[in-house]
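Structural overview for review
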Amino acid sequence: MSFFDDFYLTVEQRTKVLNLFPDEFKKGYRAYKQGKLNGRDFPGDTSGWYTLDPNSTIKFNINGDDYPLFIAAIPTLIDLDIARDLDQKRMAQKLLRIIIQKMPLDKNGDSIFDIDEAKELHNNAVKMLKKSIGTDVLTTFADVDVADMSDKSNTTQSDDVNRVKMSVFDEFGTSVDNFNSTSNAALKYSDLNDASNMYNLLQQFEGFLNRLLKPYNTNSKRVYYTAQILETTNSNYQDMAKLYREQTQLGFSKMLPQIALGQSESSILATAYWENEILNLIEVFVPPISSATMNADTLQALTGKSADNNAAAAGQSSGSSQIQSDSKAGRPEKADEDKSDKTIANRESL
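Nothing here was measured: the structure is a model prediction, and the numbers come from that model.

Tallied over the entire structure, the rule returns seven aromatic pairs. When the centroid spacing of 5.3 Å and the interplanar angle of 85° are considered together, the rings of phenylalanine 4 and phenylalanine 21 count as edge-to-face. One end of the pair, phenylalanine 4, is in helix H1 (residues 2-7); the other, phenylalanine 21, is in the loop between helix H2 (11-18) and helix H3 (23-33), and 17 residues separate them in sequence. With a relative accessible area of 3%, phenylalanine 4 lands in the buried category. Taken together, a centroid distance of 6.2 Å and an interplanar angle of 45° make the contact between tyrosine 29 and tyrosine 32 tilted. Taken as a pair, tyrosine 29 and tyrosine 32 lie in helix H3 at a separation of three residues, close to a single helical turn. Taken as a pair, tyrosine 29 and tyrosine 32 share a single burial class, namely buried. In this structure an aromatic cluster arises from ring pairing among Phe3, Phe4, Phe21, Phe25, Tyr29 and Tyr32.

So, in structure tokens, the structure goes:
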């Protein structure tokens, strides 16, 4: 309950926020201000934790505990910010140039020019280069040597930043290919991995919805309500629709393919009734007749021809279909996302 005192400074702000919460929170806050919560629910408690009624509360978490999902990556994110700042400074340093004027000396080691003359030569060089970006002038009588402390290996500075960036995703427990795919199959499997991590949360939502429906299931002999959340995502809804369609051929649900494509149950029923009963499209749009889809009795009822004629026509249709299929033999080509990286590379080389 100390949350309301820590983040809402004025009485008006605190009252406005408290009104957004259920009455149970207001009751707990009043008890906290009266000093009735300290150590009552938890020994040694000084922040005023208030126990809510478990019959009217619910908590959802992904990984089974109260730690934030990506909290382990916070130190690595700080390192990434530091690495980027250093990389920017290195790039800015590469643009800097220093022009060194070394005054000549005679055989005795004395300067040919006096101090005033050397100063004038320095000022002239500065005036000439004042419009040049990132250029400084140094005039000296001494020998100058620059010690380069940079790494002379083949690893560039950008590799250092990328190494820190990859460690961030390692701490996240997810792949960088989710955001910037580097191969054909990496994005697919990374997405499946993240979807499996969210499956636990999906089950919690489903259980919560069924808890809300439990009071309405007192008479199970008449009707029984249950909630089910399909495991469809932005990436797999097309595959799930194909899977549900294949199951429809075995007698399973006819609605699931359309639901996987984003349509509601009521819109599916309304569309089917409108097209079949009102517009009578079931008789207007007749699918192609073949021996694989209709039997002889159905063909005779639709065309009025004898079963022998229909069988012959179906045989001709099947024969022409066989010729057409033979003209394009072999396995159908896979979609690009299902091809391996080697297959794509071979195709591009051709």
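So much for the structure itself; the text now carries on.
Bringing a nonpolar patch on the surface into the picture now. On the surface, a nonpolar cluster with roughly 590 Å² of combined accessible area is contributed by Tyr67, Ile71, Ile74, Ile78, Ile82 and Leu86. Within the secondary structure, leucine 86 is located in helix H4 (residues 74-94).

Note that strand S1 (residues 97-102) and strand S2 (residues 135-140) share six bridges and pair parallel. The residue of S2 that forms the bridge with glutamine 101 is threonine 139. Tracing the backbone out of S1, into helix H5 (residues 115-128) and back to the parallel element S2 gives a crossover that is right-handed.

Cut-off values and rules
Residues numbered from 1 in each chain as written. Predicted model: local features only at pLDDT ≥ 70, side-chain atom pairs only at ≥ 80, totals over all residues. Heavy atoms only, no water. Phe/Tyr/Trp six-rings, centres within 6.5 Å; stacked < 30°, edge-to-face > 60°. Helix = DSSP H or I, 4+ residues; strand = E, 2+ residues; numbered from the N terminus. Buried < 20%, exposed > 50% of the residue type's maximum accessible area, 1.4 Å probe, protein only. Patch = residues over 30% accessible without salt bridge, like charges linked within 9 Å, V, L, I, M, F, W, Y side chains within 5 Å. Areas by Shrake-Rupley, 256 points an atom, 1.4 Å probe, with all protein chains shown as cover. Salt bridge = Lys/Arg side-chain N within 4 Å of Asp/Glu carboxyl O. Pairing = 2+ DSSP bridges. Right-handed = clockwise from strand over helix to strand, strands pointing away.

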